[in-house]
Amino acid sequence: MLIGEAWAQAAAPAQSPQGFDLMAFLPLVFLMVVFYFILIRPQMKRNKEHKVMLDALQKGDEIVAAGGLVGRVTRLDENYITMQIANNVEVRVQRPSLQLVLPKGTIKNIE
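A brief report on the enclosed structure follows. (Residues numbered from 1 in each chain as written. Predicted model: local features only at pLDDT ≥ 70, side-chain atom pairs only at ≥ 80, totals over all residues. Heavy atoms only, no water.)

## Thoughts on helix 2 (residues 22–55)
Argument step 1. With 34 residues, helix 2 extends 46 Å from end C-alpha to end C-alpha; this agrees with the ideal 50 Å at 1.5 Å per step.
Argument step 2. Maximum bend of helix 2: about 40 degrees, positioned at tyrosine 36. (Helix = DSSP H or I, 4+ residues; strand = E, 2+ residues; numbered from the N terminus. Expected span 1.5 Å × (residues − 1). Bend = angle between axes of the 7 residues up to and from the residue.)

## A look at the pairing of strand 3 (residues 80–86)
Argument step 1. As paired strands, strand 2 (residues 70–76) and strand 3 are joined by four bridges and run antiparallel to one another. Along strand 3, the bridge assignment pairs arginine 72 with glutamine 84.
Argument step 2. As consecutive antiparallel partners, strand 2 and strand 3 are separated by three residues.
Argument step 3. Both strand 3 and strand 4 (residues 89–94) contribute to a ladder of six bridges, which runs antiparallel. Paired with isoleucine 81 across the two strands is valine 93, which belongs to strand 4.
Argument step 4. Once strand 3 ends, the chain turns through two residues before running back antiparallel as strand 4, passing asparagine 88 with a positive phi of about 60 degrees. (Pairing = 2+ DSSP bridges.)

## A short note on the packing of aromatic side chains
Argument step 1. One pass over the full model with this rule turns up one aromatic pair.
Argument step 2. Taken together, a centroid distance of 5.2 Å and an interplanar angle of 80 degrees make the contact between tyrosine 36 and phenylalanine 37 edge-to-face. (Phe/Tyr/Trp six-rings, centres within 6.5 Å; stacked < 30°, edge-to-face > 60°.)

## Describing the sheet that holds strand 3
Argument step 1. Ordered by their spatial adjacency, five strands build an open sheet running 4-3-2-1-5, and the pairing between neighbours is antiparallel. Since the sheet does not close on itself, it has two edges, and those belong to strand 4 and strand 5 (98–102), each with one partner. Looking at each pair of strands side by side, their axes are set apart by 45 degrees on average, direction ignored. (Axes fitted to C-alpha atoms, helices over the stretch in contact; angles between N-to-C directions.)

The following block contains the structure:
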């Protein structure tokens, strides 16, 4: 008895979208724009500044490497930098590991 009534009820007709609903994608587009300006753009700017710093590096510059080593550039290769960290002590580090170029005379003030 109840089953017959359940089968007798008509289902609501399904509405199919006729066109592209831009309002449904608007929050996603907004989120992508926010991520670009907060995350992607500043990172690209830092990478560009780091590349300019590496390209301007020359022999005699005082630098800080990624591990915190402070020294003076003695030799430059395409991929490596040789730096003097103490008298008669030189180490080779990769160019991308360079963090900072210090002003001239900084090492004397640290010692």
